[in-house]
Amino acid sequence: MKKHSIKILLPLTIVLAMIVGVSSCTKYLDKSPLADIDETEAFKNFRNFQGFTEELYGCIPLITGIGSHNNWNFGEEEMWEPTETRLMAYNIDQGDYWGWNTAIFGSWFKTGGNPAPTNPNDRGVKGNLWGLSWYGIRKANIGIANLDKLTEASQEEKDLIAGQLYFFRGWFHFMLMQYWGGLPYIDTALPADVTPKLPRLNYQATADKVALDLQKAADLLPVDWDQLTAGQATFGNNNYRANKIMALAFLGKNLLLAGSPLMNRESTGSPSYNADYCKKAADVLGQALQLTESTGRYVLANFADYSKLFYTHNQGGAVPGLKEAILLENLSDVAGRFRWNQVNDYRPMTINPSGIKVYPTANYVDLYGMANGLPIPNPEAADAESGYDPAYPWRDRDPRFYHDIVIDGEKCVNNPGFVGNNEFRQYASLYTGGLYRTDNPAKRVFTGYMFTKFFPRLVNDYDGFRENNAVALSLMRLADVYLLYAEAASEGYNSPVGKAPGYSKTAVDAVNFIRSRPGLNVGAVAAKFLVSQEAFREEYRRERAVELAFEGHRFVDLRRWLLLTKRPYTQKKGIEFDRGMPNGQVYANPRNARVLNFRETVLFERQLGERHYWFPFLVSDASMYPDFPQNPGW
């Protein structure tokens, strides 16, 4: 894979055309002096118009690297230092959603953001979802308004320009809607000197507008730019350009979210799935998967290469994702995001003596289940059916558990010199009273588990992973599309074997297809979960939690399922246990380790209410005009 996926076609002076500052909807209307360029030059041919359009890719948010100590998982899946107040995750835990614009660390939602800063690799301005989305919407509208000026272009070239513009106009609205709900849908280039008066729509009405734009994009865009004459100028660098499958995948997700319980309640008052929206979603997602399977444009990565979906190391800055990534987050500074503070945050002070510490919660780790595909009913009790035994809690688990999670006794340090030449500090001592659980109380491994999904277990090896790594999350990858389809097809047709008319796989087929990758061929969804849609719902949701763990999806999922305020999803737990062998010895195989007195404890419980299902709008925005009301409770 090439190091960079998008090639800029124009000099900076034209790429900067019509830049506006965007810290609120009011500033969204500000006009840059550069907006007065000669439009006949900016839009007359494909090369120039594509240069104008390229900047929309720079508006894609950057989730993992807007600054130090990035945090993007706001569900129940991880826990940061409980007293560290500068984090967005802390604000969410405390119910202070104003942190989306005020948190020092990890708020990739913030209002500001310049898509073309003086330093194009300045990751600090690339993460601002709110500001960059409104900027991108305005830019897309300006482009759409000038499509008639594209005269020196083939029909193929005209379709490519229009398809990208419609895609981004719909996509940026969709990205905002997930957190703020229904919006005024901006589908025209508003005059710079006029305050907008467009009414705020409910969620489903906004989603319908998004759907029209994404469908237009899907109709206009190709499956693969490299197969077009117009794509030859950037051949090999087109991987993440908007395309037909990408547009269909986000169209299907948009429709599924519109049919989800939270969004359906906001629009109709009913806190259940909307079958009509789910059927539409299943049909579109089925189209995307049918195209994918017939063309090979996207392919599930082999499990042996699973790590390469998230990071690469010593590969010359190669962008991760392989052929499974459909759309990655912003790639600004992709080879330097985890170089300093971030890389220190995932291991205790014992081996990484700086950073703000974060660890996966025990309750989320429990979701990984067993290698036979069955869930763990109660982590403190043996279960004959699944084979789980709390005396051997890490034996015969889902292979993704071993990929994502560090357990007691595993080696975490490659070079003893990094830990004072102390051999035993190289191994995770996560039992009750162990060094990793007691050294520096504020930063100890309070949950009893550590991460290893986005970096090797030996992440503290500063001569290794700190340099020459590239980390990026997928905003959409193929596994996600299969799981979205499974949800849409089953909820739309009220059956685990529900399916879109034009696609061969049923909902349960799609889940089993994802489970087969890590070697869960014998771990297909068990028959007892296929007797009803209610039973299947628990399994497809658990599969989604495991496959997409820590990738930033859980917060939206818990909210749209109306589970965010309900136990056990409000709780963050840790484990306590004693080793079943003398302390100080090294396990021959930590996965088969015997432990004593295994138990889980609640470390923190969120006190959240109904208002916490949506972010608040900035007061300045919600005060502009009566038809733009604030979200309830804020």
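Refer to the structure printed above.
Here we summarise the structure given alongside this text. This is a predicted model, so every value here is computed, not measured.

With respect to the overall build of the chain
A tally of helices and strands in the chain yields 21 helices and 10 strands. Relative to the 2.2 N^0.38 estimate, which gives 26 Å for 634 residues, the radius of gyration of the chain is 24 Å and therefore close to what a compact globule would have. Overall, the chain is about 80 × 55 × 50 Å in size when its C-alpha atoms are taken along their principal axes. Looking at the chain as a whole, 62% of its 634 residues qualify as buried. Across the chain, every contact between residues at least 6 apart in sequence was considered, and the portion connecting residues at least 24 apart equals 72%. If you average the places of the 67 positive and of the 69 negative side-chain charges in the chain, the two averages end up 2 Å apart.

Considerations on the pairing of strand β9 (residues 571-579)
For β9, the tally of buried residues reaches 7 of 9 residues, placing the bulk of the element in the interior. Direction of pairing for β9 relative to strand β10 (residues 595-605): antiparallel, over a ladder of 8 bridges. Looking at the pairing, isoleucine 575 lines up with glutamate 600 of β10.

A few points about the packing of helix α17 (residues 478-493) against helix α19 (residues 533-547)
Direction vectors running N to C along α17 and α19 enclose 165°, while the axes themselves pass 10 Å from each other. On the basis of the axis angle, α17 is roughly antiparallel to α19. At the point where α17 passes α19, the crossing takes the left-handed sense. Judged by residue contacts, Ala479, Asp480, Leu483, Leu484, Ala486, Glu487, Ser490 and Glu491 of α17 engage Gln533, Phe536, Arg537, Tyr540, Glu543, Arg544 and Glu547 from α19. Among the residues forming the contact of α17 with α19, the class breakdown is 6 nonpolar, 2 polar and 7 charged.

Notes on the packing of aromatic side chains
Describing an aromatic ring pair means giving the distance of the ring centres and the angle of the ring planes. According to the stated counting rule, one finds 54 aromatic pairs in the structure shown. Between phenylalanine 555 and phenylalanine 615, the aromatic rings sit 6.1 Å apart at their centres with planes inclined by 40°, giving tilted as the arrangement. Of this pair, phenylalanine 555 sits in helix α20 (residues 554-560) while phenylalanine 615 sits in the loop between β10 and α21 (619-622), and the two are 60 residues apart along the sequence. Overall, phenylalanine 615 belongs to the buried group, its relative accessible area being 0%. Geometry around tyrosine 277 places lysine 280 over its ring, the cationic atom sitting 5.2 Å from the centre. Of note, arginine 395 hangs over the ring of tyrosine 392, and the distance from its end group to the ring centre comes to 4.2 Å.

Quick word on the environment of glycine 420
Residue position: glycine 420 is located in the loop between β5 (405-406) and α16 (435-438). On the accessibility criterion, glycine 420 (62% relative accessible area) is exposed. The sequence separation of glycine 420 and alanine 207 amounts to 213 residues, and the corresponding C-alpha distance is 57 Å.

Brief notes about helix α4 (residues 46-58)
An ideal rise of 1.5 Å per residue puts 18 Å on 13 residues; α4 measures up with 19 Å between its terminal C-alpha atoms. Within α4, 12 of the 13 residues are buried, leaving the element largely enclosed by the surrounding structure. Sitting at the amino-terminal end of α4 is asparagine 45, which places a side-chain oxygen 3.3 Å from the backbone nitrogen of arginine 47.

A closer look at the packing of α4 against helix α7 (residues 129-145)
Two elements in contact, α4 and α7, have axes separated by 9 Å at closest approach and are oriented at 160°. Put simply, α4 runs roughly antiparallel to α7. The chirality of how α4 crosses α7 is left-handed. Only Leu132, Tyr135, Gly136, Lys139, Ala140, Ile142 and Gly143 of α7 make contact with α4, whose side of the interface consists of Phe49, Phe52, Glu55, Leu56 and Gly58. A per-class count over the contact of α4 with α7 returns 7 nonpolar, 3 polar and 2 charged.

Examining the nonpolar core
Ranked by internal contacts, the top residues of the largest apolar core, which has 175 residues, are Phe109, Phe167, Trp171, Trp180 and Phe615. By residue number, the principal contributor to this core is helix α8 (residues 155-180), which donates 15 residues. Beyond its immediate chain neighbours, meaning those up to four positions away, phenylalanine 167 contacts Asp213, Leu214, Ala217, Leu221, Ala242, Met246, Ala247 and Phe250. Core analysis: the next-biggest nonpolar cluster, separate from the first, contains 13 residues, Met79, Val413, Ala428 and Phe446 among them.

Details of the pattern of salt bridges
Per the counting criterion, the structure on display carries 35 salt bridges. Between glutamate 329 and arginine 337 there is a salt bridge; the shortest N-O distance is 3.1 Å. Taking the relative accessible area as the measure of exposure, glutamate 329 reaches 2% and is therefore buried. For arginine 337, a relative accessible area of 2% translates into the label buried. The shortest N-O distance in the salt bridge between arginine 560 and aspartate 557 comes to 3.0 Å. With arginine 560 and aspartate 557 both in helix α20, this residue pair falls 3 residues apart, about one helical turn.

Thoughts on α8
Between its first and last C-alpha atoms α8 spans 38 Å; for 26 residues at 1.5 Å apiece the expected length is 38 Å, and the two agree. Most of α8 sits inside the fold, with 22 of its 26 residues counted as buried. Positive phi appears at glycine 181, one or two residues downstream of α8, with a value of about 85°.

Describing the side chain of asparagine 344
Inspection of the secondary structure puts asparagine 344 in helix α13 (residues 341-344). Residue classification places asparagine 344 among the buried positions, given a relative accessible area of 7%. In this structure the side chain of asparagine 344 is engaged in a polar contact, spanning 2.9 Å, whose partner is the side chain of serine 354.

A closer look at unusual backbone geometry
Residue proline 568 follows arginine 567 across a cis peptide bond; omega there is 5°. With respect to the element layout, proline 568 can be found in the loop between α20 and β9. Despite not being glycine, aspartate 333 shows a phi value in the positive range, around 55°. Here aspartate 333 is to be found in the loop between β3 (325-328) and α13. In the Ramachandran plot, asparagine 494 falls in the positive-phi region, its phi being about 55° despite a non-glycine side chain. For asparagine 494, the position within the fold is in the loop between α17 and α18 (507-516).

Criteria and thresholds
- Residues numbered from 1 in each chain as written.
- Predicted model: local features only at pLDDT ≥ 70, side-chain atom pairs only at ≥ 80, totals over all residues.
- Heavy atoms only, no water.
- Helix = DSSP H or I, 4+ residues; strand = E, 2+ residues; numbered from the N terminus.
- Rg over C-alpha atoms; globule rule 2.2 N^0.38 Å.
- Buried < 20%, exposed > 50% of the residue type's maximum accessible area, 1.4 Å probe, protein only.
- Contact = heavy atoms within 4.5 Å.
- Lys, Arg positive; Asp, Glu negative; His and termini not counted.
- Charge placed at Lys NZ, Arg CZ, Asp CG, Glu CD.
- Pairing = 2+ DSSP bridges.
- Axes fitted to C-alpha atoms, helices over the stretch in contact; angles between N-to-C directions.
- Parallel < 35°, antiparallel > 145°, perpendicular 65-115°, else oblique.
- Left-handed = near helix turned anticlockwise from the far one by under 90°.
- Nonpolar A, V, L, I, M, F, W, Y, C, P; charged D, E, K, R; others polar.
- Phe/Tyr/Trp six-rings, centres within 6.5 Å; stacked < 30°, edge-to-face > 60°.
- Lys NZ or Arg CZ within 6 Å of the ring centre and 35° of its normal.
- Expected span 1.5 Å × (residues − 1).
- Polar contact = N/O pair within 3.5 Å; in protein donor to acceptor, adjacent residues only side chain to side chain.
- Core = buried A, V, L, I, M, F, W, Y, C linked by side-chain atoms within 4.5 Å.
- Salt bridge = Lys/Arg side-chain N within 4 Å of Asp/Glu carboxyl O.

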